[in-house]
Protein chains: 2
Amino acid sequence: MRIMRAEQFGLKREVEYGTPEQNESALRIVAEVKAEGDAALLRYTEQHDKVKLDASLLRVTQEEIEAAYDRVDALFLTALREAAVNIRRFHEKQLRNSWTDLQPDGTMLGQIMRPLKRVGVYVPGGKAAYPSSVLMNVIPAQVAGVPEIVMVTPPATGGKEGIDPYILVAAAEAGVKELYRVGGAQAIAALAYGTETIAPVDKICGPGNIYVALAKRAVFGAVDIDSIAGPSEIVVLADEAANPAYIAADLLSQAEHDEMASSILVTPSESLAQAVAEEVERQLSTLPREDIARSSIDHYGAILLVDSIRAGIDVVNQLAPEHLEVLIEEPMRVLGLIENAGAIFLGPYSSEPVGDYFAGPNHIIPTNGTARFSSPVNVDDFMKKSSLIYYSKEALMKNGENIMTLARHEGLEGHARAIQVRLDHENDTR
Amino acid sequence: MRIMRAEQFGLKREVEYGTPEQNESALRIVAEVKAEGDAALLRYTEQHDKVKLDASLLRVTQEEIEAAYDRVDALFLTALREAAVNIRRFHEKQLRNSWTDLQPDGTMLGQIMRPLKRVGVYVPGGKAAYPSSVLMNVIPAQVAGVPEIVMVTPPATGGKEGIDPYILVAAAEAGVKELYRVGGAQAIAALAYGTETIAPVDKICGPGNIYVALAKRAVFGAVDIDSIAGPSEIVVLADEAANPAYIAADLLSQAEHDEMASSILVTPSESLAQAVAEEVERQLSTLPREDIARSSIDHYGAILLVDSIRAGIDVVNQLAPEHLEVLIEEPMRVLGLIENAGAIFLGPYSSEPVGDYFAGPNHIIPTNGTARFSSPVNVDDFMKKSSLIYYSKEALMKNGENIMTLARHEGLEGHARAIQVRLDHENDTR
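Residues numbered from 1 in each chain as written. Chains lettered and ligands numbered in written order. Predicted model: local features only at pLDDT ≥ 70, side-chain atom pairs only at ≥ 80, totals over all residues. Heavy atoms only, no water.

K.L.:
Got a minute to help me understand the UniProt feature "binding site: Zn(2+)" (unreviewed entry) in chain A in this structure?
P.N.:
Here, UniProt's "binding site: Zn(2+)" (unreviewed entry) annotation points to Gln 254, His 257, Asp 356 and His 415 of chain A. Spatially, the listed residues are scattered: they cover 162 residues, and their C-alpha atoms lie as much as 56.7 Å apart. Positionally, Gln 254 of chain A belongs in helix H9 (residues 244–255). Residue position: His 415 of chain A is located in helix H15 (residues 413–424). Looking at His 415 of chain A, the relative accessible area reads 1%, which means it is buried. Here His 415 of chain A is in contact with Ala 407 of chain A together with Ser 253, Glu 256, His 257, Pro 353, Asp 356 and Tyr 357 of chain B, once residues within four sequence places are set aside. (UniProt positions renumbered as here; feature names shortened; annotations may be inferred. Helix = DSSP H or I, 4+ residues; strand = E, 2+ residues; numbered from the N terminus. Buried < 20%, exposed > 50% of the residue type's maximum accessible area, 1.4 Å probe, protein only. Contact = heavy atoms within 4.5 Å.)

Laid out in C-alpha cells, this is it:
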C-alpha cells in the first residue's frame with residue numbers, strides 16, 4: 001500500500017452515471033409502464049428477468065414469506081433480530097414531535113411533523129441483495145410511522161428463480177407487509193406512477209443497478225427519491241499507539257466491497273504507516289475477495305503522512321469520508337474538530353462492520369465527499385413538515401400595516417388588500 | 001371564476017424546465033467558469049448583464065451597504081426588522097441538539113448535528129428581487145449556525161446599474177457579510193466550484209431564472225442545492241360562515257403572482273361559492289396586476305363543490321397545496337385530518353400574506369403537489385448529521401459472533417475478519 005505525504009494525495013473517482021443509451025432505455029421503460037401499467041411491467045419482467053408472470057402473481061404471498069423462514073439459518077435469524085432491535089432503538093431517538101409556539105396575543109405558530117404515507121423500497125437481486133440493507137432502509141421509515149411500506153425486488157436472484165429467502169425474512173422482520181416480485185426500471189416506474197396492481201408511492205429508496213438509478217432520477221419530482229450512492233469509503237485516523245492489524249483489517253473490509261472503494265489511513269506516525277502497509281499485504285493474501293480488495297487498495301487506497309493529529313483532522317475534513325475511524329488515545333477529545341464525516345467510529349473496538357451490521361446507526365451514509373452537506377439515512381427522510389399559522393385578530397390589527405408595507409414594496413397590491421379587507425372589517429367577529 | 005364539482009377538476013400544470021438550447025447554454029457557462037474562474041465570470045457578466053467589472057469590483061463594499069440604508073423607506077425598514085425578529089424566533093425553535101445514547105456496557109451511540117460550513121444564496125435581479133425572500137433564505141442558515149453565508153445577485157437591477165438598495169438592506173439585516181455582484185449561471189458555477197475571488201460553498205439556495213435553475217441542477221452533487229420552486233398555489237377550505245370578501249382577496253393575492261399560479265376554493269356551500277365568484281370578479285377589476293391575476297384564475301383557478309368539509313379535506317390531501325387556508329368554524333378540529341399541505345393557515349385572520357411576510361414560518365414551501373413528501377425551508381436544510389459509534393470492548397466481545405454471522409452471510413469475509421482480529425486479541429488493552 002503506497003505511503004505518501006497527505007499534500008501529494010488527491011482522491012478522484014469518476015463515478016459513472018450511465019451511458020446515453022442506458023438512460024434512453026430507462027426512460028423508455030418508465031414511459032411505457034406509466035402509460036400501460038401492468039402490461040408493460042409484466043412484459044419487461046419477462047424480457048429482462050426471464051420470468052413470465054401474470055398480474056395475480058406479482059405480489060409475494062404470506063405463504064412464501066413463511067416458507068422462507070424454514071430456509072434461513074437459525075444463527076443468522078438471531079443475529080438479524082438483534083440487529084433490528086438496535087437499529088430500531090437508535091432511529092427511535094431521531095423522532096421529533098410536532099411543536100407549537102403560543103404567543104400572548106392569541107397567535108399560535110407551529111411545525112407539524114408527519115410521516116410520508118406510502119414508501120417504496122427497492123431491493124436488488126443477485127449478489128447485491130443484502131438483508132442488512134433491507135433493515136437499514138425499512139426500519140427508519142417504519143419508525144417514522146409510514147403506514148404503507150412496499151418492497152419490490154426482482155423475481156429471480158443470481159440466475160435462480162424465486163426471491164432469496166434471506167431477503168424475505170429480513171423484510172418480514174423489518175415489518176414489510178406488501179412485497180412485489182418486480183425489479184429494474186420497470187419496478188421504479190410502477191412505484192412512481194402506479195399500475196393496476198401496485199399503488200403509487202410518495203418516495204422510493206434503496207440501491208439498484210444503473211437502470212434503477214436512472215429510472216429513479218427520471219421519476220424524481222413525481223415522487224421523492226433517496227440519493228444515489230457512490231462507491232464506499234473509509235478513512236482511519238490513527239496515532240502510533242494504534243494496532244496495525246486492526247487498521248489493516250478495517251481498511252480491507254472497505255476495499256473488499258468494490259474496486260472503486262477507497263481505504264485511507266491518515267497518521268503522523270511513520271512506523272505505524274510501515275506496519276499497516278505490511279499488515280495489509282499479509283492479510284490480503286488470504287482474503288477470499290483478494291482481487292477486488294487489491295485493486296481498490298492499489299487505485300484508491302493510500303497511507304497519508306501528516307505532521308500531527310490536528311493536521312490529520314484537516315485532511316479528514318477535506319475528504320469528508322463516508323466512514324471515519326479515530327484510533328488515537330482519547331479519541332473523544334478531537335470529536336469537536338471533525339466537521340465532515342458521515343459516521344464516526346471512535347476507539348479500537350468500533351470497527352466499521354460494527355456499524356455496517358449491528359450497532360444501530362444507519363449504514364446508508366453519504367459518499368464521495370457529500371458528507372459535507374448530507375446525512376446518513378434517518379427518520380427525517382421519511383417525514384415531512386407543515387407550518388401552522390393561526391393568527392389572532394389582535395395580531396393582525398397590530399401588524400397589518402407592517403405586512404402591507406412589505407407587500408406594497410414588492411409590488412404585490414393584492415397581498416396588501418387581503419390584509420386591508422380584514423382591517424376594514426375590524427368589527428366582524430368572523 | 002368557474003364553479004364545478006370537485007370530481008370534475010384535475011389540476012395539471014406542465015412546469016417548464018427549459019429548452020435543450022437553454023440547458024446547453026447553462027452547461028457551457030458552468031464549464032467555462034469552472035475551468036477559467038474569474039475570467040469567465042467577468043466575461044459572462046459583461047455579456048449578459050452589460051456591466052464591465054474587474055475582479056476587485058466583484059465584492060460589494062461595506063460603504064455601499066451603508067449607503068443603501070439612506071435610500072430605503074423608514075417604514076419599510078421597521079417592518080422588515082420586525083419580520084426578521086419573527087422569522088428568527090420561529091426558526092430557532094427548529095434547532096436540534098446533538099444527542100447520545102449511553103448504554104450500560106460502555107457503548108455510546110449518537111447523532112451529531114452540525115451546520116454546513118458555507119452556503120451561497122442567489123438573489124435574482126429585476127422585479128423578482130424580493131427582500132422578503134432574502135430573509136427567508138438567509139435566516140434559517142444563520143440560525144443553523146452556518147458561519148459563512150455568501151450572497152450573489154446580478155450587478156444590474158431592472159435595467160439600472162447597481163444592486164437594489166432594499167436587497168442590500170435585507171441582506172445586511174439578515175446578517176450577510178459577503179456579497180458579490182454576479183448573477184446567472186455564471187454565479188452558480190462560481191459558488192459551486194469557486195474562482196480566484198469567490199470561495200466555493202457547500203450548498204446553493206434561492207430562486208432564479210431558467211438559466212440559474214439549470215445551472216443549479218448541473219452543479220448538484222458537487223454541492224447541495226435547494227429544490228426548484230414551481231408556480232405558487234393556494235387552496236382555501238371554507239364553510240358557509242366564512243367571509244367571501246376575505247376568501248376572494250386571498251385567492252387573488254395568490255393569482256397576482258404569476259399566470260401559472262393556482263387559486264382554489266373548496267367548499268360544501270353553494271351560496272359561498274356563488275358569493276366568492278362574484279367577489280373575485282369585483283375585486284379583480286381594481287387590482288393593479290389584474291391581467292396576470294385574471295389569467296391565473298381563468299386557467300388554474302376553480303371553486304370546487306364537495307359534499308362536506310370532510311370530503312373537502314380529501315380533496316385538499318390529493319392536491320397537497322403549498323398554502324392551505326382553513327376558514328371554517330373551529331378550524332383546529334380538522335387539523336389532524338390534513339395530511340398534505342406545506343403551510344396551513346387557520347381561521348379568518350390568518351391570511352396568506354401574514355405568512356408570506358411576517359408571522360415567522362418560512363414562505364419557501366413545496367409546490368406542485370410535492371408537499372406530499374417535502375417541507376418548507378427550515379433549519380435542517382442547513383445542517384448535516386453524523387452518526388457516532390463508540391463501541392466498548394465488552395459490547396464487541398458479546399456481539400462479535402452475531403456481526404460475523406451477518407457479514408459472512410453477505411459474502412464479506414473481510415468484514416468478519418475485522419471483528420475476528422479483535423476477538424483474537426481479546427487481552428489487548430488498545
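Now that the structure has been shown, the text picks up again.
K.L.:
Hey, could you run me through the relation of the copies chain A and chain B in this one?
P.N.:
Between the two copies of the chain lies a rotation about an axis combined with a shift along it. Take chain A, turn it by 180 degrees, move it 0.0 Å along the axis, and it overlays chain B with an RMSD of 0.0 Å. Both copies are brought into coincidence by an operation consistent with a two-fold rotation axis. Comparing interface residues between copies, 100% of those in chain A also sit at the interface in chain B, which points to an isologous, same-surface contact. (Least-squares fit on C-alpha atoms with pLDDT ≥ 70 in both.)

K.L.:
It is not clear to me how the UniProt feature "binding site: substrate" (unreviewed entry) in chain A should be interpreted in this structure. Could you clarify?
P.N.:
As annotated by UniProt and renumbered to match this structure, "binding site: substrate" (unreviewed entry) occupies Ser 232, Gln 254, His 257, His 323, Asp 356, Glu 410 and His 415 of chain A. The greatest C-alpha distance among the annotated residues, which extend across 184 residues, is 56.7 Å, indicating that they are dispersed rather than converging on a single site. With respect to the helices, strands and loops of the structure, Asp 356 of chain A is situated in helix H13 (residues 352–357). Residue Asp 356 of chain A is classed as buried on the basis of its relative accessible area, which comes to 7%. The contacts of Asp 356 of chain A, once residues within four sequence positions are left out, are Ser 132, Met 136, His 323 and His 363 of chain A together with His 415 of chain B.

K.L.:
What should I look at first to understand the packing of helix H9 (residues 244–255) of chain B against helix H10 (residues 270–284) of chain B in this one?
P.N.:
Relative placement of two packed helices is described by the angle separating their axes and the distance separating the axes. All names here are of chain B. Put simply, H9 and H10 touch, their axes get as near as 8 Å, and they point 55 degrees apart. Between H9 and H10, the angle falls in the class oblique. The hand of the H9/H10 crossing is right-handed. Packed against H9, whose contacting residues are Pro 244, Ala 245, Ile 247, Ala 248, Ala 249, Leu 251 and Leu 252, the element H10 presents Leu 272, Ala 275, Val 276, Glu 279, Val 280, Gln 283 and Leu 284 at the interface. In the contact of H9 with H10, the residues fall into twelve nonpolar, one polar and one charged. (Axes fitted to C-alpha atoms, helices over the stretch in contact; angles between N-to-C directions. Parallel < 35°, antiparallel > 145°, perpendicular 65-115°, else oblique. Left-handed = near helix turned anticlockwise from the far one by under 90°. Nonpolar A, V, L, I, M, F, W, Y, C, P; charged D, E, K, R; others polar.)

K.L.:
Would you take a moment to explain the interface of chain A and chain B for this structure?
P.N.:
Interface extent is often summarised as the accessible area lost during association of the parts. Listed as interface residues are 116 residues of chain A and, on the opposing side, 117 residues of chain B. Of the roughly 10,400 Å² buried where chain A meets chain B, counting both sides, 58% is carbon and sulfur surface. Linking chain A to chain B there are twelve salt bridges. One salt bridge connects Arg 372 of chain B with Asp 202 of chain A, and the closest N-O pair in it is separated by 2.9 Å. For the pair chain A and chain B, the number of links is 62 residue pairs in polar contact (both at pLDDT 80 or more). For the side of chain A that touches chain B, the element with the most residues is helix H14 (residues 393–409) of chain A, which contributes ten residues. Split by residue class, the side of chain A that touches chain B holds 57 nonpolar, 33 polar and 26 charged. (Buried area = accessible area lost by both parts, 1.4 Å probe. Salt bridge = Lys/Arg side-chain N within 4 Å of Asp/Glu carboxyl O. Polar contact = N/O pair within 3.5 Å; in protein donor to acceptor, adjacent residues only side chain to side chain.)

K.L.:
Sorry, what's going on with the domain arrangement of chain A here?
P.N.:
Residue and element names in this part refer to chain A. Each assigned domain of chain A is listed here: domain 1 (3–12 + 230–359), domain 2 (20–225) and domain 3 (393–424). One C-alpha centre belongs to domain 1, the other to domain 2, and the line joining them spans 32 Å. Each partner contributes residues to the interface: domain 1 has five residues there, and domain 2 has six residues. When the two sides are added together, the surface that domain 1 and domain 2 hide from each other amounts to roughly 490 Å², 56% of it contributed by carbon and sulfur. Area buried by domain 1 at its contact with domain 2 is led by Tyr 357, Phe 358 and Ala 359, which between them contribute 75% of it. Scanning the region where domain 1 abuts domain 2 turns up zero salt bridges. Counting across the domain 1 and domain 2 interface gives one residue pair in polar contact (both at pLDDT 80 or more). Looking at the side of domain 1 that touches domain 2 residue by residue, the class counts come to three nonpolar, one polar and one charged. (Domains from an automatic or database assignment.)

K.L.:
Would you explain the packing of aromatic side chains in this entry?
P.N.:
When we look at a pair of aromatic rings, we describe it by the centre distance and by the angle of the planes. In this structure the tally under the stated criterion is four aromatic pairs over all chains. With centroids separated by 5.0 Å and ring planes inclined at 50 degrees, the aromatic side chains of Trp 99 of chain A and Phe 90 of chain B adopt a geometry described as tilted. Taken together, the residues Trp 99 of chain A in strand E2 (residues 99–102) and Phe 90 of chain B in helix H4 (residues 74–92) connect one chain to another. The pair Trp 99 of chain A / Phe 90 of chain B is uniform in exposure class, with both members buried. (Phe/Tyr/Trp six-rings, centres within 6.5 Å; stacked < 30°, edge-to-face > 60°.)

K.L.:
How should the side chain of Asp 224 of chain B be read in this particular structure?
P.N.:
Locating Asp 224 of chain B in the fold gives a position in strand E10 (residues 224–225). Take Asp 224 of chain B: its relative accessible area is 15%, and that puts it in the buried class.

K.L.:
What should I look at first to understand the pattern of salt bridges in this one?
P.N.:
Close approach of charged atoms lets side chains of opposite charge pair. In this structure the tally under the stated criterion is 48 salt bridges over all chains. Between Asp 250 of chain B and Arg 422 of chain A there is a salt bridge, and its shortest N-O distance comes to 2.7 Å. Remark: Arg 422 of chain A occurs in helix H15 and Asp 250 of chain B occurs in helix H9; the pair is interchain, linking two chains. Asp 250 of chain B gets classed as buried once you look at its relative accessible area, which sits at 0%. Classification of Arg 422 of chain A as buried rests on a relative accessible area of 0%. A salt bridge links Glu 64 of chain B to Arg 181 of chain B; its shortest N-O distance comes to 2.7 Å. Linking Glu 64 of chain B in helix H3 (residues 62–69) with Arg 181 of chain B in the loop between strand E8 (178–180) and helix H7 (184–193), this pair joins segments that are 117 residues apart in sequence. By relative accessible area, which is 12% here, Arg 181 of chain B ends up buried. It is possible to trace a salt-bridge network through shared partners that takes in Arg 96, Asp 380 and Lys 385 of chain A together with Arg 96, Asp 380 and Lys 385 of chain B.

K.L.:
Would you mind going over the pairing of strand E12 (residues 262–267) of chain B with me for this structure?
P.N.:
Successive residues of a regular strand alternate their side chains across the two faces of the sheet. All names here are of chain B. Summarising burial for E12: six of the six residues are buried, a large majority. Burial of E12 is two-sided: the residues Ser 262, Ile 264 and Val 266 facing one way and the residues Ser 263, Leu 265 and Thr 267 facing the other way are all buried. Across five bridges, the pairing between strand E11 (residues 233–238) and E12 is parallel. By the bridge assignment for E12, Glu 233 is matched with Ser 262. Relative to strand E13 (residues 302–305), E12 runs parallel, the two being bridged by four bridges. (Pairing = 2+ DSSP bridges.)

K.L.:
What's the story with unusual backbone geometry in this structure? I'm lost.
P.N.:
Only a minority of non-glycine residues have a phi that is not negative, and only a minority of peptide bonds are not trans. Positive phi values are uncommon outside glycine, yet Lys 50 of chain A reaches one of about 60 degrees. Mapped onto the elements of the fold, Lys 50 of chain A is located in the loop between helix H2 (38–49) and helix H3 (62–71). Judged by its relative accessible area of 65%, Lys 50 of chain A falls in the exposed class. Look at Asn 368 of chain B: it is not a glycine, yet its phi comes out positive at around 60 degrees. Topologically, Asn 368 of chain B is positioned in the loop between helix H13 (352–357) and strand E16 (383–390). Judged by relative accessible area, which is 32%, Asn 368 of chain B ranks as partly exposed.

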